[in-house]
Amino acid sequence: MPGIPSKFNCIVFFILFFTDTYISRTSTEAIYTQISINLNYLPPGESITKFRQLTDLDYNNIINITNIHPNVSFMVIQIHTLVENLTLSYINPIDINSFTMGNHIGLVWNDEISKKYGLNTRTKEALLYLFRQMPLLAPVDVLISVKTYTKDDPVPGGCNLSFETEIAPYQKVHLSTAVITITSQPPSVFGEFCNRSTITTEMYYLFLPENSNSSDEYFQNIEKMMSFENVIKYGTKVPNGMGFTKFKQMYNNYVGIGRVFAVVSTYQGRNSVYVPIVSYGCDVSAWEEDCLSFSGVYWNIIIAFSVICGLLICLGGHRFFKTTLFIIGYTFGATIMSLVLTIDHNFADKGKEINVCIMGLLLGIIWLFLWWKFGVPVVAVELTFILAGVLVASTLFFVQWGETDIFSNDLNFWVLFASIVMTAQIPLLYLKPLYHIIALGLLGSYAFIGAVNYYMGGSLYYILINTYRRLTVRNFGMALLDPPYQCLEIIYTLLWAVIFVLGVYVQHRYSIGKPPFPPHRRGAEFTYLNERTLLLHEERPIVSI
């Protein structure tokens, strides 16, 4: 400054410098919210420190982990929220390969990582940055967990090949209408290369209560899948051989029913657990629309049709024989057309619905015409027994065989499936009204229960949907079917059995003393022959007058 002594200039400079430093420090402290986690020098592997809060989480937060035991070689820090995505980073500003983003995220901390990002390793403290992206700072449930390990424990995701961070202890979920795919990265041995370790890896899952997105249940079940002991206690192990690889597992999507997925790695008797991840098979932020509601007017009509026709067929299908023929023909035709159009992929959704309805009506009319024209019972009830066989086969694969590795092969699956359907045709050789009534009772009771189950929540309607997906979804045989069998399923199964028995009883009582099948227009003598019917009329003597 011309005209001002140099000594004065120095004083002004120092005042401005310290003022700027103080303002910058004050601004920094105001920007970042401190989240402190004191491990109290707990030995590695013995406990998990959980930090859960309902708070107005700021945009920028610092997680400071202190008092780490000297024998801790690495830690897994994980963050969980119900809906909102957060970003967890080693540094700020974030850089490539230094952060991960989502609502089930985690990072590995060790001395090497601290040195890489210029952190002080002598203080034995971990410092990470947690960022929030939501523009509105509404209250959010956050579960923060720290798990400590020794150098002898396998490093989860230590052999990362494709995820964004160098070590990836987290999992990722890929969602489609039919399948949930969970991917993770191979583990490694601390301080060694990936291909030098022999580590076994197993996947587990735990169902959440059905049709519930309760925050308390959500976090409680996540906490159950954080430690090795709890994963073994509460989780269900994925059978060996299921899926493409042990680090890419497909699960059948039961929409609205949450599952917690966990991965456990074992090396020389030592264990480590990946960051668990949760999926409801739908968009939880749009719970009512995407997870509980129905897919438009078309499906609502179908479900209403199933309720009404299911009860009709179960309680009076044999009595109202012609109506039943039309309903069975319509169902068979609509199903076949829906399969063909789904596999084709060239029709819009609206085009599919119209063509499915047309084909159903067409086959229903044709099947009714065949009975009117020829009146052959064994032909008329053929579709009923085919559909009953499909239902029986689908149920067997739904409750038990769907978890067997041998049936992930399409050839094995469809050979056995077809064999079961063909076995269900044996009663046609000894066609009696009771066999027809049993088949109708089975179909009608399931149509009613499946439709109610769809409205009220549950998974029994997936009995046929799983078979449909097996036909139309590529590589669906690799998906683990294992359905949730909780309180709702038990109630609906018992109700299904009661309605089935009631339907068979009512129809059988009505059929006593009645013709085996309704008389045909051409006369019963040409239609209903059984083992007691005389093939030749008894000769009568001619009486002369």
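Predicted model only: the values in this text are computed from it and were never measured. (Residues numbered from 1 in each chain as written. Predicted model: local features only at pLDDT ≥ 70, side-chain atom pairs only at ≥ 80, totals over all residues. Heavy atoms only, no water.)

Participant: Got a minute to help me understand the packing of aromatic side chains in this structure?
Facilitator: Two descriptors summarise a pair of aromatic rings, namely the distance from one centre to the other and the angle between the planes of the rings. Following the criterion strictly, the structure yields 24 aromatic pairs and no others. Ring geometry for Phe321 versus Trp371: centroids 5.0 Å apart, planes at 65°, classification edge-to-face. Of this pair, Phe321 sits in helix H7 (residues 321–344) while Trp371 is found in helix H8 (residues 349–374), placing the two residues 50 residues apart along the sequence. Among the residues examined, Phe321 registers a relative accessible area of 2% and is labelled buried. (Phe/Tyr/Trp six-rings, centres within 6.5 Å; stacked < 30°, edge-to-face > 60°. Helix = DSSP H or I, 4+ residues; strand = E, 2+ residues; numbered from the N terminus. Buried < 20%, exposed > 50% of the residue type's maximum accessible area, 1.4 Å probe, protein only.)

Participant: Can you walk me through the confidence of the model for the protein chain in this structure?
Facilitator: Predicted coordinates in areas of low pLDDT are best not read in detail. In the predicted model, the protein chain carries a mean pLDDT of 84, and 83% of its residues have values of at least 70. In this model residues 1–5 is a low-confidence stretch, pLDDT under 50, and it forms two contacts with partners more than four residues away in sequence or in other chains. In this model, residues 7–30 is a region of pLDDT below 50 whose contacts with residues beyond four sequence positions or in other chains number two contacts. (pLDDT = per-residue confidence, 0-100. Contact = heavy atoms within 4.5 Å.)

Participant: Sorry, what's going on with a negative patch on the surface here?
Facilitator: Residues Asp283, Glu288, Glu289 and Asp290 make up a contiguous surface patch of negative charge. Note that Asp283 resides in the loop between strand E19 (277–279) and helix H5 (287–292). On the basis of relative accessibility, which here comes to 38%, the residue Asp283 falls in the partly exposed class. (Patch = residues over 30% accessible without salt bridge, like charges linked within 9 Å, V, L, I, M, F, W, Y side chains within 5 Å. Areas by Shrake-Rupley, 256 points an atom, 1.4 Å probe, with all protein chains shown as cover. Salt bridge = Lys/Arg side-chain N within 4 Å of Asp/Glu carboxyl O. Lys, Arg positive; Asp, Glu negative; His and termini not counted. Charge placed at Lys NZ, Arg CZ, Asp CG, Glu CD.)

Participant: Looking at this model, I keep getting lost on the sheet that holds strand E12 (residues 179–183). Mind explaining?
Facilitator: For sheets, the rule is that strands pair by backbone hydrogen bonds, running either parallel or antiparallel. Reading across the sheet, the three strands line up as E11-E12-E16 and stay open at both edges, with antiparallel pairing between neighbours. Sheet topology places strand E11 (172–175) and strand E16 (248–252) at the edges, where each strand pairs with a single neighbour. Going across the sheet, the axis of each strand differs from the next one's by a mean of 20°, ignoring polarity. (Pairing = 2+ DSSP bridges. Axes fitted to C-alpha atoms, helices over the stretch in contact; angles between N-to-C directions.)

Participant: Just checking my understanding: could you explain the state of the cysteines for this structure?
Facilitator: Covalently bonding the sulfur atom of one cysteine to the sulfur atom of another cysteine gives a disulfide. Per the stated rule, a full pass over the model turns up one disulfide. At a sulfur-sulfur separation of 1.9 Å, the disulfide partner of Cys282 is Cys291. Of note, the bridge from Cys282 to Cys291 carries an S-S torsion of about 105° and is right-handed in sense. Judged by relative accessible area, which is 11%, Cys282 ranks as buried. (Disulfide = S-S within 2.5 Å.)

Participant: Before we go on, may I ask you to explain the pairing of strand E4 (residues 74–80) in this structure?
Facilitator: The two faces of a sheet get side chains in turn, since along a regular strand they alternate between them. Across the seven residues of E4, seven count as buried, placing the element largely inside the fold. Taking every second residue as pointing to the same face, both faces of E4 are buried, with Phe74, Val76, Gln78 and His80 on one and Met75, Ile77 and Ile79 on the other. When E4 meets strand E7 (residues 104–110), the two strands line up antiparallel, connected through seven bridges. By the bridge assignment for E7, Gln78 is matched with Gly106.

Participant: Help me understand the environment of Leu396, please; the structure alone is not making it clear to me.
Facilitator: As for its position among the elements, Leu396 is in helix H10 (residues 382–399). Given a relative accessible area of 31%, Leu396 falls into the partly exposed group. When the C-alpha atoms of Leu396 and Ile463 are compared, they prove to be 8.9 Å apart, with 67 residues separating the residues in sequence.

Participant: Any chance you could explain the sheet that holds strand E3 (residues 60–66) here in plain terms?
Facilitator: The mixed open sheet is built from five strands, whose spatial order is E1-E3-E8-E5-E6. In the strand order of this sheet, the two ends are held by strand E1 (32–38) and strand E6 (99–102), each with one partner. On average, each strand axis in the sheet is inclined to that of its neighbour by 20°, with strand direction left out of account. Where strand E5 (residues 86–89) lies against strand E8 (residues 126–132), four bridges are found, and the strand directions are antiparallel. Among the inter-strand pairings, Leu88 is bridged to a residue of E8, identified as Leu130.

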